[in-house]
Amino acid sequence: MKIKDLITMALRNLGARKLRTFLTVLGVIIGCTSIVVMMSLGYGMTKQSEDWIKSMGSLTDITIYGKNDPSTGKNQVLNEKLLAELKKKPHVKDVFGILNLNGNFTLMANKKYQGYAQIIGIDPSQMEAYGLELAEGRYPKANDGLTAVFGSQVKSSFGYMAGNTYRQLEGDLKKIKFELVKMDFDPDGRMNIDNKNKKEIKYAGELVESQDWEKGSAVFLPIQAVRDLLLEENSKLEKAQQDKDLKTKFDRIIVVMDDIDYVKDMKNDLVDNEGYHAEAMIDWLDSIKEDMVITQAIFGGIGAVSLLVAAIGISNTMVMSIQERTKEIGIMKVIGASIKDIRALFLLEAAFIGLLGGIIGLILSYSASALINSLAGSIMSMGMGMGDTKISIIPAYLAIAALVFTALIGVISGYFPARKAMKISALDAMRYE
């Protein structure tokens, strides 16, 4: 028999038993919808975790904090010499140093607002490479002195107590006067601020909002301006206490790779082979992906139970169909239908049940996914502050796989009933009532 004739017969047979076919297809629909929606939640959680990690910093960056010197047991100084060595390594796009303004320095805003903001020195030409994206203003120049780019969260960390009321710093950052002051603590723990030697921090620009708290709450100055302040304070110390490496050292070094594929190998080489203390955001991403694989397996397993039940339903339907159509099978054999044609007919019927259930199940899955994102996604967006949040994602390959899988489930479920139909004797079938 031609394949066209077999398809026509298969569809006619399914249509002749509408209720049974509907109930069997319904089982596949429930199973397909369950597994696709469950898997989509796993994909959505993975995507949100990846986006959160990416918002915390660049995935191509490696941060080096230091290296133990075996001869002294102390942390080896990070300096210009090390920068030059790192630049020679393969797939390194850029290398630059970071210097923090440590010590008894603090910021005051409009003379009375106090708060905390980390003051970081970086080469202005590397600010963009470090992921400092401007919302407005400009990047300072290397010789601009105490001219800063402010993180988006700096303003919210400043305030003062007016009686029993806390007043937060408000207004345009360009119009707020920030001053760098020195402070110390007396034996009673009270803070004393040196108001005589204030240094004004000029406004250059402001960063866009981000989930990176470290960058969002920091003030970025040209690295030479920070180094000059530290050298000035260093010169006031006794020679034995002075930091002799201050002219060239960094607190940490940022290595930017030219592709994310090389970050993990480079980081492992720096840590395992060269003994550096280093970390990369991609480590967090890998850890989250490993956890999400387990989560997706659990979600998929829950949905697979429904699909297993549907497979049993298909087998049951096909067995019952063979039982009812025994005489029909005998007639088919008598008029010349081959064993292969009979097997193909029953396998096609089973495959159509699986495929139809898969198509309808996929349509329902997309509808359920849209509903979940509309309700729960909007709530999570407000809570996480991450804009458009999709907690259910159905990739194209998952949809295609679902259709193939449900059709395959149908074929597998119909295989043994089809074999049973093949083995029925034509003579016995004709006598069957």
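To be clear, the structure that these remarks concern was listed above.
Owing to the predicted nature of the structure, the values given are computational and were not obtained by experimental measurement.

Right, let's talk about the overall build of the protein chain for a bit. What the protein chain contains, in helices and strands, is eleven helices and 15 strands. Scored against the burial criterion, the 433 residues of the protein chain give a buried share of 43%. Within the protein chain, contacts between residues separated by at least 24 positions form 77% of all contacts whose residues are at least 6 apart in sequence. When the accessible surface of the protein chain is summed, it comes to about 23300 Å², and 58% of that surface belongs to carbon and sulfur atoms.

Quick look at the side chain of glutamate 233 now. As for its placement among the helices and strands, glutamate 233 is situated in helix H5 (residues 223-235). On the accessibility criterion, glutamate 233 (17% relative accessible area) is buried. Among all residues touching glutamate 233, those that are not within four sequence positions of it are Phe105 and Lys182.

So, about the nonpolar core. Core analysis: the biggest nonpolar cluster contains 47 residues, and Phe178, Ile253 and Val255 have the highest contact counts within it. Tallying contributions element by element places H5 first for this core, with five residues. Setting aside residues up to four positions removed in sequence, valine 255 forms contacts with Thr60, Asp61, Ile62, Ile64, Leu86, Val92, Asp94, Val95 and Met266. Membership of the second largest hydrophobic core comes to 13 residues, among which are Phe96, Ile120, Met127 and Leu132.

Moving on: the packing of aromatic side chains. Under the counting rule described, the total for this entry stands at six aromatic pairs. For the ring pair tyrosine 43 and tyrosine 397, a centre distance of 5.9 Å and an interplane angle of 85° mean the geometry is edge-to-face. With tyrosine 43 in helix H2 (residues 18-55) and tyrosine 397 in helix H10 (residues 396-423), the pair connects residues that are 354 residues apart, well separated along the chain. A relative accessible area of 19% means that tyrosine 43 is categorised as buried. A relative accessible area of 52% means that tyrosine 397 is categorised as exposed. Through a chain of ring-to-ring contacts, three or more aromatic side chains come together here, namely Phe150, Phe158, Phe178 and Tyr203. Positioned above the aromatic ring of tyrosine 276 is the side chain of lysine 67, whose terminal nitrogen or guanidinium carbon lies 4.8 Å from the ring centre. The ring of tyrosine 130 is capped by lysine 215, whose NZ or CZ atom sits 4.2 Å from the centre of that ring.

One ladder, built from four bridges, connects strand E9 (residues 158-162) with strand E10 (residues 165-168); its direction is antiparallel. Bridged to alanine 162 within E10 is threonine 165. Between E9 and E10, which follow one another and run antiparallel, lie two residues, and glycine 163 among them has a positive phi close to 70°.

It is worth spelling out unusual backbone geometry at this point. A positive phi is found at histidine 91, a non-glycine position, where the angle reads about 65°. Its place among the elements puts histidine 91 in the loop between helix H3 (80-87) and strand E3 (92-100). Even without being glycine, asparagine 110 reaches a positive phi, approximately 50°. Among the structural elements, asparagine 110 can be located in the loop between strand E4 (105-109) and strand E5 (113-115).

With the rule as written, the count across this model stands at ten salt bridges. Between arginine 252 and glutamate 214 there is a salt bridge whose closest N-O contact spans 3.2 Å. Note that arginine 252 is positioned in strand E14 (residues 252-257) and glutamate 214 in helix H4 (residues 213-216), a separation of 38 residues in sequence. With a closest N to O distance of 3.3 Å, lysine 236 and glutamate 233 form a salt bridge.

A few words now on the pairing of strand E1 (residues 61-68). When a strand is regular, its side chains alternate between the sheet's two faces. The pairing of E1 with E14 spans four bridges and is antiparallel. From the neighbouring strand, aspartate 61 faces E14, where its bridge partner is valine 256. Alignment of E1 against strand E15 (residues 276-280), held across five bridges, turns out to be antiparallel. Each residue of the ladder has a partner; that of isoleucine 62, found in E15, is alanine 280. Both E1 and strand E2 (residues 75-76) contribute to a ladder of two bridges, which runs antiparallel. Looking at the pairing, lysine 67 lines up with glutamine 76 of E2.

A few words on H3. Regarding H3, the residues found buried are Leu82, Leu83 and Leu86. One face of H3 carries all of its buried residues, which in axial projection span an arc of 105°. Away from the buried face of H3 by more than 90 degrees, exposed residues Lys81 and Lys87 are located. Summarising the contacts, the buried residues of H3 are in contact with E1, E3, E14, helix H6 (263-273) and E15. In this structure asparagine 79 caps H3, since a side-chain oxygen of it lies 3.2 Å from the backbone nitrogen of lysine 81.

Parameters at a glance
Residues numbered from 1 in each chain as written. Predicted model: local features only at pLDDT ≥ 70, side-chain atom pairs only at ≥ 80, totals over all residues. Heavy atoms only, no water. Helix = DSSP H or I, 4+ residues; strand = E, 2+ residues; numbered from the N terminus. Buried < 20%, exposed > 50% of the residue type's maximum accessible area, 1.4 Å probe, protein only. Contact = heavy atoms within 4.5 Å. Areas by Shrake-Rupley, 256 points an atom, 1.4 Å probe, with all protein chains shown as cover. Core = buried A, V, L, I, M, F, W, Y, C linked by side-chain atoms within 4.5 Å. Phe/Tyr/Trp six-rings, centres within 6.5 Å; stacked < 30°, edge-to-face > 60°. Lys NZ or Arg CZ within 6 Å of the ring centre and 35° of its normal. Pairing = 2+ DSSP bridges. Salt bridge = Lys/Arg side-chain N within 4 Å of Asp/Glu carboxyl O. Arc of directions from axis to C-beta. Polar contact = N/O pair within 3.5 Å; in protein donor to acceptor, adjacent residues only side chain to side chain.

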